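Listed below are the residues making up each chain.
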Amino acid sequence: MEQRAYSTFTVTKADEATGTIIGMASTPEPRGARYKLPVPLLLGHDHDQPIGAIASARVTAAGIEIVAKLTLSAGQRVREVWELVKAGSLRGLSIGFKPVKSEPISGGGRRFIEWDLF
């Protein structure tokens, strides 16, 4: 059985001229992140609905700072998502990851030491 978990992303800046979103992906173990850029940016975790890509990422102690570019020319749904971001109605995104290495946490749950960003 494949295990997956999700984290949140807080938008700190959005530039409509370029379709760029900058923000911080929260995770308790950011230094364990493995990824290969660009990472697809999906609508609702649906691989059939790409809306852009993560163009750069920087792992910090606070999380993963990313720069994503929405493909505004891709259609009406991407424009609708952009309008939600611009209006402040869509203030966060979620990221998916697949655990690579983990360990049990006393009292329940798992601590992800190394993981692949989707």
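What comes next is a walk through the structure.

Cut-off values and rules
Residues numbered from 1 in each chain as written. Predicted model: local features only at pLDDT ≥ 70, side-chain atom pairs only at ≥ 80, totals over all residues. Heavy atoms only, no water. Helix = DSSP H or I, 4+ residues; strand = E, 2+ residues; numbered from the N terminus. Buried < 20%, exposed > 50% of the residue type's maximum accessible area, 1.4 Å probe, protein only. Polar contact = N/O pair within 3.5 Å; in protein donor to acceptor, adjacent residues only side chain to side chain. Phe/Tyr/Trp six-rings, centres within 6.5 Å; stacked < 30°, edge-to-face > 60°.

Moving on, we get to unusual backbone geometry. Of note, the bond from Leu37 into Pro38 is cis; its omega dihedral lies within 30 degrees of zero at -5 degrees. Looking at the element boundaries, Pro38 is found in the loop between β3 (33-34) and β4 (39-43). Positive phi values are uncommon outside glycine, yet His45 reaches one of about 60 degrees. Inspection of the secondary structure assignment puts His45 in the loop between β4 and β5 (46-60). His45 gets classed as partly exposed once you look at its relative accessible area, which sits at 38%.

Further remarks concern the side chain of Thr60. Residue placement: Thr60 occurs in strand β5. Here the side chain of Thr60 touches Ala62 through a polar contact of 3.2 Å, landing on its backbone nitrogen.

Per the counting criterion, the structure on display carries two aromatic pairs. Ring centres of Phe97 and Phe112 lie 5.2 Å apart, and the angle between their planes is 80 degrees; this geometry places the pair in the edge-to-face category. On the criterion of sequence distance, the pair formed by Phe97 in strand β7 (residues 92-104) and Phe112 in strand β8 (residues 110-117) is long-range, its members being 15 residues apart. When the ring of Phe97 is compared with that of Trp115, the centres are 4.8 Å apart and the planes differ by 55 degrees; the resulting orientation is tilted. Of this pair, Phe97 sits in strand β7 while Trp115 sits in strand β8; the two residues are 18 residues apart in sequence, bridging distant segments of the chain. In textbook terms, an aromatic cluster arises when at least three aromatic residues are bridged by ring pairs, as seen for Phe97, Phe112 and Trp115.

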